[in-house]
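Summary of structural features
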Amino acid sequence: SAAQSAPAFEVSVRSLDAVPLLAVEHRGSYMAIGRGFDLLFARVAAAGLARPGMRMLALFFDDPGLVPEDSLRAQAAVAGCAEPSEECGLLRAELAPGSYAVLSHTGPYASMKAAYQWLFGDWLAHSGFELADGPVVEEYLNSPRETAPHALRTNIHLPLRATRPGELEP
């Protein structure tokens, strides 16, 4: 048999607390989520909610292999900004608490498809976990406005549940 190839990506399983988010809806191609972030940042800035150290996340609710592109549902979201005092066109959302496989990806956003294929195929099949209900979440650790594509860092969060009860207990 062929030697087991080394994993192409670094994955850790983490238990995360709930993170409150402010978000805008995005419909259509996941590759066009940047438009959602443009709208999100405009609304956050207009409402005076921007704060240093805000976290940028995208929540992806559908499998692009199963759902027609124009029906794909996502949210562009930010954590760590000020609490809105009035209606400002932003949705309240959250990164749900629970266990996640977190894959650290470095490189252009367009190159993440291979990471997803490996994570959903190879890693998940051998992990002892199953996919939990809930969106896949990307957290963007640096900004494409200030960072060359080859240096973009993204954490991909896959919601997990144990295949046997108690498996996630410390």
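To start, this report covers the structure provided alongside it. (Residues numbered from 1 in each chain as written. Predicted model: local features only at pLDDT ≥ 70, side-chain atom pairs only at ≥ 80, totals over all residues. Heavy atoms only, no water.)

1. Considerations on the overall build of the protein
When you go through the protein residue by residue, the secondary structure sums to two helices and nine strands. Shown N-terminal to C-terminal, the secondary structure of the protein runs as helices and strands in the order β-β-α-β-β-β-β-α-β-β-β. In summary, the protein has a C-alpha radius of gyration of 17 Å against a globular reference of 15 Å for 170 residues, a match within 12%. Here the C-alpha coordinates of the protein stretch approximately 60 × 35 × 35 Å along the principal axes. In the protein, the share of contacts with a sequence separation of at least 24, taken over all contacts with a separation of at least 6, comes to 74%. Looking at the protein as shown, the accessible area adds up to about 9,700 Å², and 54% of this sits on carbon and sulfur atoms. For the protein, the separation between the mean place of its 13 positive charges and that of its 20 negative charges on side chains is 3 Å. (Helix = DSSP H or I, 4+ residues; strand = E, 2+ residues; numbered from the N terminus. Rg over C-alpha atoms; globule rule 2.2 N^0.38 Å. Contact = heavy atoms within 4.5 Å. Areas by Shrake-Rupley, 256 points an atom, 1.4 Å probe, with all protein chains shown as cover. Lys, Arg positive; Asp, Glu negative; His and termini not counted. Charge placed at Lys NZ, Arg CZ, Asp CG, Glu CD.)

2. With respect to the nonpolar core
If you look at the biggest cluster of nonpolar residues, it comprises 34 residues, and the most contacted ones within it are Phe-37, Leu-40, Leu-49, Leu-90, Trp-123 and Ile-156. Taken together, the elements giving at least two residues each to this core come down to strand E2 (19-27), helix H1 (33-46), strand E3 (55-60), strand E4 (73-79), strand E6 (98-106), helix H2 (112-127), strand E8 (136-140) and strand E9 (153-162). Counting residues in hydrophobic clusters, the runner-up holds twelve residues, among them Ala-23, Ala-93, Tyr-100 and Val-102. (Core = buried A, V, L, I, M, F, W, Y, C linked by side-chain atoms within 4.5 Å. Buried < 20%, exposed > 50% of the residue type's maximum accessible area, 1.4 Å probe, protein only.)

3. Considerations on the environment of Pro-159
Within the secondary structure, Pro-159 sits in strand E9. Sequence-wise, Pro-159 and Arg-51 are 108 residues apart; in three dimensions their C-alpha atoms are separated by 28 Å. Non-local contacts of Pro-159, meaning those with residues more than four positions away in its chain, are made with Ser-99, Tyr-100, Glu-130, Leu-131, Ala-132, Asp-133, Gly-134, Pro-135 and Val-136.

4. So, the environment of Ser-15
The residue Ser-15 is located in strand E1 (residues 10-16) in this model. On the basis of relative accessibility, which here comes to 64%, the residue Ser-15 falls in the exposed class. For Ser-15 and Asp-63, which are 48 residues apart along the polypeptide, the C-alpha to C-alpha distance reads 23 Å. Apart from the residues lying within four places of it in its own chain, the contact partners of Ser-15 are Gly-98 and Ser-99.

5. Quick look at the pattern of salt bridges
Scanning the model with the defined rule gives six salt bridges in all. Notably, a salt bridge pairs Arg-27 with Glu-25, separated by 3.6 Å at the nearest N-O pair. The partner of Arg-73 in a salt bridge is Asp-62, with the nearest N and O atoms 2.9 Å apart. Of the two residues, Arg-73 sits in strand E4 while Asp-62 sits in the loop between E3 and E4, which places them eleven residues apart along the sequence. (Salt bridge = Lys/Arg side-chain N within 4 Å of Asp/Glu carboxyl O.)

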